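Here's the letter readout for the chains.
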Amino acid sequence: MEKDILQCIEDMLDIAAEGRYNLDAQERAYDLLQCLIELYDGAPIPESMKESADRFRSVYEENAATLSISFDSSALKEEAAERLKPLEEACNEARFEAAAAASLHEFAKEVFEIWQNSGVFARRRALKELRERAGFKLESHRIGNYVAKTFDLQNIAAARFAEAQQAVYKANITYKIKPETYGLIAGKMSDL
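The present account deals with the structure reproduced in this document. Since we're looking at a predicted model, the values are computed, not measured.

About the thresholds
Residues numbered from 1 in each chain as written. Predicted model: local features only at pLDDT ≥ 70, side-chain atom pairs only at ≥ 80, totals over all residues. Heavy atoms only, no water. Core = buried A, V, L, I, M, F, W, Y, C linked by side-chain atoms within 4.5 Å. Buried < 20%, exposed > 50% of the residue type's maximum accessible area, 1.4 Å probe, protein only. Helix = DSSP H or I, 4+ residues; strand = E, 2+ residues; numbered from the N terminus. Axes fitted to C-alpha atoms, helices over the stretch in contact; angles between N-to-C directions. Parallel < 35°, antiparallel > 145°, perpendicular 65-115°, else oblique. Contact = heavy atoms within 4.5 Å. Nonpolar A, V, L, I, M, F, W, Y, C, P; charged D, E, K, R; others polar. Salt bridge = Lys/Arg side-chain N within 4 Å of Asp/Glu carboxyl O. Expected span 1.5 Å × (residues − 1). Polar contact = N/O pair within 3.5 Å; in protein donor to acceptor, adjacent residues only side chain to side chain. Left-handed = near helix turned anticlockwise from the far one by under 90°. Phe/Tyr/Trp six-rings, centres within 6.5 Å; stacked < 30°, edge-to-face > 60°. Lys NZ or Arg CZ within 6 Å of the ring centre and 35° of its normal.

**Considering the nonpolar core**
Move 1: Membership of the largest hydrophobic core comes to 29 residues, with the highest contact counts inside it found for Met 12, Phe 56, Tyr 182, Ile 185 and Met 189.
Move 2: Counting residues per element, the ones that place at least two in this core are α1 (2-18), α2 (23-40), α3 (47-70), α4 (73-117) and α7 (181-191).

Written as structure tokens, this is what we have:
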């Protein structure tokens, strides 16, 4: 935790010097605040951290006005959105792959029904279309296995989509963009 406090002190000094926040600094400050709330809410701060806490408060007091003026939530949200773009694109690709795999599985089930209940021409036509859509070799005497194989492909695609979706949710840190985070940290350290 002391390392996090020292990093946030450096971040405050950088923000004061540059006149603008960056998303990484804002994220670290938010995480430090949450850590302080979770670990030390109503409990005294350890003696080993008192010096760092005092330094944090003094740096904050010296730069409070600059930090307040420099905070631009829209710029930080734009930066967060830019970071999310590649993950959202991958998520959309995975969504389309999952939908295509589900469609292929449904079609394989339809072809299986045709194979069991229709004539030879309908069977061949359906199998030919399934082969074209599947993109892998299908043997006519193993039509039942296509349903199972496409079901597996559907599950794999759905799992990839879920992973991509979780990556987007995990990387979305816009909720951490809050004004006066450093002030709240300084206040929390004063309370300890």
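Having seen it, we continue.
**Observations regarding the packing of α2 against α4**
Move 1: Viewed as axis vectors pointing N to C, α2 and α4 meet at an angle of 100°, and their least axial separation amounts to 10 Å. By the angle between their axes, α2 is roughly perpendicular relative to α4. Taking contact as the criterion, the partners of Leu 23, Asp 24 and Gln 26 in α2 are, on α4, Leu 76, Glu 79, Ala 80 and Arg 83.
Move 2: Taken together, the residues of the contact of α2 with α4 break down into 3 nonpolar, 1 polar and 3 charged.

**Description of the pattern of salt bridges**
Move 1: All chains considered together, the criterion is met by 8 salt bridges.
Move 2: For Lys 176, the salt bridge goes to Asp 31, with nearest N and O atoms at 2.7 Å. Of this pair, Lys 176 sits in the loop between α6 (143-171) and α7 while Asp 31 is found in helix α2, placing the two residues 145 residues apart along the sequence.
Move 3: A relative accessible area of 9% means that Lys 176 is categorised as buried.
Move 4: With a relative accessible area of 35%, Asp 31 lands in the partly exposed category.
Move 5: In this structure, Lys 85 engages Glu 82 in a salt bridge whose closest nitrogen and oxygen atoms are separated by 3.0 Å. With Lys 85 and Glu 82 both in helix α4, this residue pair falls 3 residues apart, about one helical turn.

**Digging into α2**
Move 1: For α2, built from 18 residues, the straight-helix expectation of 26 Å at 1.5 Å per residue is met to within 8% by its first-to-last C-alpha distance of 25 Å.
Move 2: For α2, the set of buried residues is Leu 23, Ala 25, Gln 26, Ala 29, Tyr 30, Leu 32, Leu 33, Leu 36 and Tyr 40.
Move 3: The distance from a side-chain oxygen at the start of α2 to the backbone nitrogen of Asp 24 is 3.1 Å, and the residue carrying that oxygen is Asn 22.

**What to know about the packing of α4 against helix α5 (residues 120-134)**
Move 1: Two numbers describe how α4 lies on α5: the axes approach to 9 Å, and their chain directions differ by 160°. As judged from the angle between their axes, α4 and α5 are roughly antiparallel. In the packing of α4 onto α5, the handedness of the crossing is left-handed. The segment α4 lies against α5, with Ser 103, Leu 104, Phe 107, Ala 108, Val 111, Ile 114 and Trp 115 engaging Ala 122, Arg 123, Ala 126, Leu 127, Glu 129, Leu 130, Arg 133 and Ala 134.
Move 2: Its residues placed into classes, the contact of α4 with α5 shows 11 nonpolar, 1 polar and 3 charged.

**Comments concerning the packing of aromatic side chains**
Move 1: All told, the structure shown has 4 aromatic pairs when counted by the stated rule.
Move 2: Between Tyr 21 and Tyr 182, the aromatic rings sit 6.1 Å apart at their centres with planes inclined by 40°, giving tilted as the arrangement. Here Tyr 182 lies in helix α7 and Tyr 21 lies in the loop between α1 and α2, a separation of 161 residues in the sequence. The exposure classification of Tyr 21 matches that of Tyr 182, with both residues buried.
Move 3: Linked through ring pairs, Tyr 21, Phe 56, Phe 71 and Tyr 182 together constitute an aromatic cluster.
Move 4: The ring of Trp 115 carries the charged tip of Arg 123 above its face, separated from the ring centre by 4.3 Å.
Move 5: The ring centre of Phe 107 lies 4.5 Å from the NZ or CZ of Arg 133, which sits over that ring.

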